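# Chain and residue survey
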Amino acid sequence: MFFTHALTRRPGRDLAAGLTTANLGVPDYPAALAQFDAYVDALTGCGLTVTVLDALEGHPDAHFVEDTAVVTPEVAVVTNPGAAARKAEVETIETALASFRETVRIKSPGTVDGGDVLMMGKHVLIGLSDRTNAEGALQLGNVLADFGYTWATLPVAAGLHFKSSVNAVADDTLLTTETFADHPALAGYHKILVVPEEAYAGNTLLINGHLIMPIGFPDTRKKLQALGKPIIMLDTCEFRKMDGGLTCLSLRF
Ligand code: GLY
């Protein structure tokens, strides 16, 4: 998929109040802002025009904008995030996306977090997780089917979201942790396996032929180098403390 735009949101001063299971300590706000700025620079360097929304104080996970929508070339599906504390984030996102696409909404009792949705061309993999339920997946799949997409679900057996562990690194190639590698829904793709001690590196981002990956994962880096794409390394440690990573910080379209 070729992208021209990204939508991001600046982290707020209250980011440490967000949801997390990581047990990696309290994020440092100035360091998080520096990492965010480097991330925006990297997206710009991949050729994207980046919209940076203002921080949404009182919504400490709101900079993880990926969870609030699924954007295809045809439509922006605004989600109903699975965590109660995150549901209100979608209002400003819908307004921002309405400049670019027709928008539709996932409705309760359906829930979807965009972090569970991986677009592989016209096929969509939807992880069923604590955040994304079967009704939400059905609503999303039905909307996308109207535009010619096929879709499949699979359980998120590890990590917060499906894309915490599995991401596209080429049109036909997935970077995946061992947990997901043998699932039949991934059978049609080439796979590059992330070793268990580098599981966080499964959250690597493919943008217009560039790979953006987190620093500190040499085995995964070596495997990705074999693809011959330029690799941009970013430090995301402050976001990792809040269960976040490279994909979560933007919507690309
Ligand atoms: N901290 C990201 C999330 O739990 O949604």
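Residues numbered from 1 in each chain as written. Predicted model: local features only at pLDDT ≥ 70, side-chain atom pairs only at ≥ 80, totals over all residues. Heavy atoms only, no water.

## Focus: unusual backbone geometry
- Looking along the chain, the bond that leaves Ser108 and enters Pro109 is cis, with omega of 10 degrees.
- Tracing the backbone through its elements, the reader meets Pro109 in the loop between β5 (103-105) and β6 (117-120).
- Phi at Asn208 takes a positive value of approximately 50 degrees, unusual for a residue other than glycine.
- Positionally, Asn208 belongs in the loop between β12 (205-207) and β13 (210-214).
- The class of Asn208 is buried, set by a relative accessible area of 17%.
- With a phi close to 65 degrees, Asp243 is a non-glycine residue in the positive phi region.
- Checked against the element boundaries, Asp243 lands in the loop between α6 (237-240) and β15 (251-252). (Helix = DSSP H or I, 4+ residues; strand = E, 2+ residues; numbered from the N terminus. Buried < 20%, exposed > 50% of the residue type's maximum accessible area, 1.4 Å probe, protein only.)

## Section: the pairing of β13
- A large share of β13 lies buried, amounting to four of its five residues.
- What sits between the antiparallel neighbours β12 and β13 is a turn of two residues, in which Asn208 has the positive phi angle 50 degrees.
- Pairing analysis gives four bridges linking β13 to strand β14 (residues 231-234), with the strands arranged parallel. Note that in β14 the partner of Leu211 across the bridge is Ile231.
- With respect to chirality, the unit in which β13 leads through helix α5 (residues 218-225) into the neighbouring parallel β14 is right-handed. (Pairing = 2+ DSSP bridges. Right-handed = clockwise from strand over helix to strand, strands pointing away.)

## A short note on the environment of Asp67
- One can find Asp67 in the loop between β2 (49-53) and β3 (69-71).
- Taking the C-alpha atoms as reference points, Asp67 and Thr103, separated by 36 residues in sequence, lie 15 Å from one another.
- The residues touching Asp67, leaving out its near neighbours within four places in the chain, are Thr79, Pro81, Arg86, Val112, Asp113, Gly114, Gly115 and His161.
- Polar contacts involving the side chain of Asp67 include one to the main-chain amide nitrogen of Gly115, which spans 2.9 Å. (Contact = heavy atoms within 4.5 Å. Polar contact = N/O pair within 3.5 Å; in protein donor to acceptor, adjacent residues only side chain to side chain.)

## Brief notes about the nonpolar core
- With 25 residues, the main nonpolar core has Leu125, Phe162, Leu186 and Leu224 as its most contacted residues.
- Counting residues per element, the ones that place at least two in this core are β6, β9 (166-170), β10 (173-177), β11 (190-194) and β13.
- With three residues, β9 is the largest single contributor of residues to this core.
- Leaving out residues up to four positions away in the same chain, Leu186 has contacts with Leu125, Leu154, Phe162, Val166, Leu174, Thr176, Phe180 and Lys191. (Core = buried A, V, L, I, M, F, W, Y, C linked by side-chain atoms within 4.5 Å.)

## Examining the layout of surface pockets
- The calculated volume of the largest pocket comes to roughly 500 Å³.
- Taken together, 28 residues line the largest pocket, and the ones lying closest to its centre are Met1, Phe3, Leu118, Met119 and Arg252.
- Mapped onto the lining of the largest pocket, the elements with two or more residues apiece are β3, β6, β9, β12 and β15.
- Among the elements that line the lining of the largest pocket, the one with the most residues is β6, at four residues.
- Grouping the constituent residues of the lining of the largest pocket by class yields 15 nonpolar, eight polar and five charged.
- Quantified by volume, the second largest pocket comes out at close to 370 Å³.
- In this structure, the second largest pocket is lined by 22 residues; those nearest its centre are Gly159, Leu160, Ser164, Ser165 and Tyr200.
- Its residues assigned to classes, the lining of the second largest pocket shows nine nonpolar, 10 polar and three charged. (1 Å grid on protein atoms, 1.4 Å probe; cavity = no way out; pocket = protein on both sides within 12 Å on 5 of 7 lines; lining within 4 Å. Points joined across faces, edges and corners; volume = space filled by probe spheres on them. Nonpolar A, V, L, I, M, F, W, Y, C, P; charged D, E, K, R; others polar.)

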